[in-house]
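For reference, the chains in residue letters:
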Amino acid sequence: MESLGGDAVWSDRFLGYHIAIGYYWVLVAVFFFSPAVAYEFMELLESHAVDTYSTFLKENKEKLEKLPAPAVAKSYYTSNDLYLFDDFQVSKKPGTRRPKCDNLYDVFQNICDDEMEHVKTMVACQDYARVGKLVESPHVPVESKYISAEEDRGDIMPDEMQP
């Protein structure tokens, strides 16, 4: 957004940063009283982002397809180190989603898709908050020495981790 002039006005940046800090602390307070409500609010916010990006893409497709993708977007979506990218894509197996990033339209489409994955992540977090089902990283191997979801009953510890 900066390359399109989104950082041109000092007061916009100042307001954006400080609203984000205030929003964070409000959400921390909500989480303290009800994690499920905090996750549901984030789901609604992420859903709104999906709608906003989808509308933006429909209205600006031709213009965005003519503009190059920023280097930072190419780096994020096409580099070899996509560990965190995969970690938060809960509906796909690690390593299976590698979106194209040829122009600015692709970048915004990828962001829109990422926002949809955030919605799914918030739904998974709500399930955990309601029923206590453990959400595990897809990068932890099943044969790991760490405690699995089935073993996680509070006081059970694998032999190799005993004091």
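Worth saying up front: this structure is predicted, and the values here are computed from it rather than measured.

What counts and what doesn't
- Residues numbered from 1 in each chain as written.
- Predicted model: local features only at pLDDT ≥ 70, side-chain atom pairs only at ≥ 80, totals over all residues.
- Heavy atoms only, no water.
- Helix = DSSP H or I, 4+ residues; strand = E, 2+ residues; numbered from the N terminus.
- Contact = heavy atoms within 4.5 Å.
- Expected span 1.5 Å × (residues − 1).
- Bend = angle between axes of the 7 residues up to and from the residue.
- Buried < 20%, exposed > 50% of the residue type's maximum accessible area, 1.4 Å probe, protein only.
- Core = buried A, V, L, I, M, F, W, Y, C linked by side-chain atoms within 4.5 Å.
- Phe/Tyr/Trp six-rings, centres within 6.5 Å; stacked < 30°, edge-to-face > 60°.
- Patch = residues over 30% accessible without salt bridge, like charges linked within 9 Å, V, L, I, M, F, W, Y side chains within 5 Å.
- Areas by Shrake-Rupley, 256 points an atom, 1.4 Å probe, with all protein chains shown as cover.
- Salt bridge = Lys/Arg side-chain N within 4 Å of Asp/Glu carboxyl O.
- pLDDT = per-residue confidence, 0-100.

### Considering the overall build of the protein chain
Logical step 1: In terms of helices and strands, the protein chain carries five helices and zero strands.
Logical step 2: Taken from N to C terminus, the helices and strands of the protein chain fall in the order α-α-α-α-α.
Logical step 3: Put simply, 62% of the contacts in the protein chain that link residues at least 6 apart link residues at least 24 apart.

### Quick word on helix 2 (residues 35-66)
Logical step 1: Between its first and last C-alpha, helix 2 extends 43 Å over 32 residues, near the 46 Å set by a 1.5 Å rise per residue.
Logical step 2: Where helix 2 bends most, at Asn60, the angle is about 80 degrees.
Logical step 3: Restricting attention to buried positions, one finds in helix 2 the residues Ala36, Ala38, Tyr39, Met42, Glu46, Ala49, Val50, Leu57 and Leu64.

### Focus on the environment of Glu43
Logical step 1: Here Glu43 shows up in helix 2.
Logical step 2: Residues Glu43 and Cys125, spaced 82 residues apart in sequence, show a C-alpha to C-alpha distance of 9.7 Å.
Logical step 3: With sequence-adjacent residues up to four places away left out, Glu43 is seen in contact with Val119, Met122, Val123 and Gln126.

### Here's the deal with the nonpolar core
Logical step 1: With 13 residues, the main nonpolar core has Leu57, Leu64, Cys101, Leu104, Val107 and Phe108 as its most contacted residues.
Logical step 2: Looking at this core, the elements that each hand over two or more residues are helix 2, helix 3 (71-78) and helix 5 (104-131).
Logical step 3: When residues of this core are assigned to their parent elements, the largest contribution, six residues, is made by helix 5.
Logical step 4: If we ignore the near neighbours within four places in the chain, the residues touching Cys101 are Ala69, Ala73, Lys74, Tyr77, Thr78, Asp106, Val107 and Asn110.
Logical step 5: The next biggest cluster of nonpolar side chains, apart from the first, holds six residues, and it includes Leu27, Tyr39, Met122 and Cys125.

### Focus: the packing of aromatic side chains
Logical step 1: The full count for this structure, using the stated rule, is eight aromatic pairs.
Logical step 2: For the pair Trp10 and Phe14, a centre-to-centre distance of 5.2 Å together with 20 degrees between the ring planes defines the contact as stacked. Note that Trp10 and Phe14 are positioned in helix 1 (residues 10-33) at a spacing of four residues, about one turn of the helix.
Logical step 3: Among the residues examined, Trp10 registers a relative accessible area of 57% and is labelled exposed.
Logical step 4: For Phe14, a relative accessible area of 39% gives the class partly exposed.
Logical step 5: Measuring from centroid to centroid gives 5.6 Å for Phe31 and Tyr39, while their planes differ by 85 degrees, and the two rings are edge-to-face.
Logical step 6: Overall, Phe31 belongs to the partly exposed group, its relative accessible area being 37%.
Logical step 7: Ring pairs connect the aromatic residues Tyr53, Phe56 and Phe108, which therefore count as one cluster.

### Re the environment of His118
Logical step 1: Note that His118 resides in helix 5.
Logical step 2: As for His118 and Val50, which are separated by 68 residues in sequence, their C-alpha atoms are 9.6 Å apart.

### Topic: a nonpolar patch on the surface
Logical step 1: On the surface, Ile21, Tyr24, Trp25 and Val28 cluster together into a nonpolar patch covering about 430 Å² of accessible area.
Logical step 2: Note on placement: Trp25 falls in helix 1.

### Side note on the confidence of the model for the protein chain
Logical step 1: Counting all residues, the mean pLDDT for the protein chain is 77, and 63% of those residues have values of 70 or more.
Logical step 2: Considering each helix and strand of the protein chain separately, the mean pLDDT is smallest for helix 4 (residues 83-87), with a value of 61, and largest for helix 2, with 94.
Logical step 3: Segment residues 144-163: pLDDT under 50, and 16 contacts once partners within four positions in sequence are set aside and those in other chains are kept.

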